[in-house]
Amino acid sequence: IDGSLVSRLFTLYFPLLVQTYIQGIIIAICGNILISVSLNIQKYTHIRQSQRGTKPYYKSVLWWCGISLMGLGELGNFAAYGFAPASLIAPLGCVSVIGNGIISVVFLKESLRASDLLGGALAVTGTFLLVTFAPHFAPHVTANMVERSLTNWEFLAYLLVEVVVFCILLYLYKCRNMKHIVIVMLLVALLASVTVISVKAVSGMITESILGNYLQLTYPIFYVMFAVMVASCAFQIKFLNQAMKMFDATEVVPINYVFFTASAILAGILFYQEFFGVSPIHIFFFVIGCLLSFVGVFLIARTRPKIKMDRVFISMGQIPGKRCTDKVQPEAKSSPYGSLAAKLMCNSGTGTEES
């Protein structure tokens, strides 16, 4: 009787779980596409402003449209965590990289390289494997569930290790002045792990409240996780901006994607038990999908060939009627500044004497 009851419940709720899972995937993909569109709109605004040299970019309506689309896309990613596992939503960030590459080639007329095609094919293949073999069932995130997960010894051990590693990296970065890209991006990834846990907790509790199952907003843990989410996001953006100032974007983007995805998957495994009961073959192909997405993002984000500006230089020795001295080194027995200025001056060909 118990087995029959379990079978009936599984048959009843399985379509609902799959539907919720697909909704999360669709929301995440749409959100990442909006982010890629917004980035290209902002890029186009900067290009147009630099060519025209008119009003600042932040006074452009088009630029604010791009910012609005980015906010809408990030809101979609936030909502997706309430429907699908975090270990799936985080890797789907490669959709934004793929969309950005396609839009920049079609609309901004950027060059299309062979590595872009190969990277796009690998990223699409990896995305397909992720969607197919990722955990299809995520536990309902409630306040009681979050409180229990916070007291699990696996998560407490992980949190202790993360705090220790974060303090060591921060000491090396701030006190020892070690400005290596791996150190900065590891700081971002460790904060991102906390961000993913708190974002999914907040999004999941809001989703449960909207669906009418239980009102989760009355529990104090909701506001605790909300505060953790805001704080971790703020510090994550701070370190990420510092990385963008010190290093090239073609280095920061793929490394951040790899580290963020790895930290999100680890958080989903330890905190939300997302891979509990998943078969080894599904785990194997999920890892393969992650690796393919990593390589694809790296190939797409590689340094693009810089546009060569045609500059015409005229040798001063070739100007008709002008001659210039060859030596510009100041003489030892004369005033350095006066002698250097005199040597740099070009005199007319009528035989004017040097000063």
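Residues numbered from 1 in each chain as written. Predicted model: local features only at pLDDT ≥ 70, side-chain atom pairs only at ≥ 80, totals over all residues. Heavy atoms only, no water.

J.: Quick rundown of the overall build of the chain? Include the residues and the values.
T.: The helix and strand tally for the chain stands at twelve helices and two strands. With 355 residues in all, the chain has 37% of them scored as buried. In the form shown here, the chain has an accessible surface area of approximately 20900 Å², with 70% of it arising from carbon and sulfur atoms. (Helix = DSSP H or I, 4+ residues; strand = E, 2+ residues; numbered from the N terminus. Buried < 20%, exposed > 50% of the residue type's maximum accessible area, 1.4 Å probe, protein only. Areas by Shrake-Rupley, 256 points an atom, 1.4 Å probe, with all protein chains shown as cover.)

J.: Go over the packing of helix 8 (residues 181-210) against helix 10 (residues 249-271) with me, naming the residues and quoting the values.
T.: As a packed pair, helix 8 and helix 10 sit with axes 8 Å apart at the nearest point and diverge in direction by 40 degrees. In the crossing of helix 8 with helix 10, the sense of the turn from one axis to the other is right-handed. Contacts from I181, V182, M185, L186, V188, A189, A192, S193, V196 and I197 of helix 8 reach helix 10 at E251, V252, I255, N256, F259, F260, S263, A264, A267 and F271. The class makeup of the residues in the contact of helix 8 with helix 10 is 16 nonpolar, three polar and one charged. (Axes fitted to C-alpha atoms, helices over the stretch in contact; angles between N-to-C directions. Left-handed = near helix turned anticlockwise from the far one by under 90°. Contact = heavy atoms within 4.5 Å. Nonpolar A, V, L, I, M, F, W, Y, C, P; charged D, E, K, R; others polar.)

J.: I'd love a proper account of the pattern of salt bridges, names of residues and values included.
T.: What the rule picks out here adds up to one salt bridge. D116 is the partner of R113 in a salt bridge, and the nearest nitrogen-oxygen pair spans 2.8 Å. A relative accessible area of 13% places R113 in the buried class. Taking relative accessible area as the criterion, D116 reaches 9% and is therefore assigned buried. (Salt bridge = Lys/Arg side-chain N within 4 Å of Asp/Glu carboxyl O.)

J.: How would you sum up the packing of helix 4 (residues 94-106) against helix 5 (residues 114-133)? Please name residues and give values.
T.: Relative to each other, helix 4 and helix 5 sit at 150 degrees, their axes nearing to 10 Å. Seen along the crossing, helix 4 lies across helix 5 with a hand that is left-handed. Of helix 5, the residues touching helix 4 (which contributes C94, V95 and I98) are G120, A123, V124 and T127.

J.: Outline the nonpolar core, supporting the account with residue identities and numerical values.
T.: Grouped together as the largest cluster of nonpolar side chains are 48 residues, with contacts concentrated most on L88, V146, M205 and F286. Beyond its immediate stretch of four places on either side in the chain, M205 contacts V141, T142, A143, V146, Q216, I221 and F222. (Core = buried A, V, L, I, M, F, W, Y, C linked by side-chain atoms within 4.5 Å.)

J.: How would you summarise the side chain of S149 if you had to cite specific residues and measurements?
T.: Here S149 lies in helix 6 (residues 143-150). A polar atom in the side chain of S149 sits 3.2 Å from the backbone oxygen of F271. For S149, the contacting residues outside a window of four places in its chain are F155 and F271. (Polar contact = N/O pair within 3.5 Å; in protein donor to acceptor, adjacent residues only side chain to side chain.)

J.: Give me the lowdown on helix 10, citing residues and values where you can.
T.: Between its terminal C-alpha atoms helix 10 stretches 31 Å, which fits the 33 Å expected from 23 residues at 1.5 Å a residue. Of the residues making up helix 10, those classed as buried are V252, P254, Y257, T261, S263, A264, I265, A267, G268, L270 and F271. The positive-phi residue at the C-terminal boundary of helix 10 is Q273, with phi of around 50 degrees. (Expected span 1.5 Å × (residues − 1).)

J.: Would you mind going over the environment of E74 in detail, with residue names and values included?
T.: Its location among the elements puts E74 in helix 2 (residues 61-80). Separated by 46 residues in the primary sequence, E74 and A28 place their C-alpha atoms 9.0 Å from one another.

J.: Can you explain the confidence of the model for the chain? Please cite residues and give values.
T.: Averaged over every residue, the pLDDT of the chain is 80; the share at 70 or more is 79%. No element of the chain has a lower mean pLDDT than helix 12 (residues 336-344), which averages 38, and none a higher one than helix 7 (residues 153-174), which averages 94. Considering only residues more than four positions removed or in separate chains, one finds that residues 9-14, a stretch of pLDDT under 50, has one contact. (pLDDT = per-residue confidence, 0-100.)

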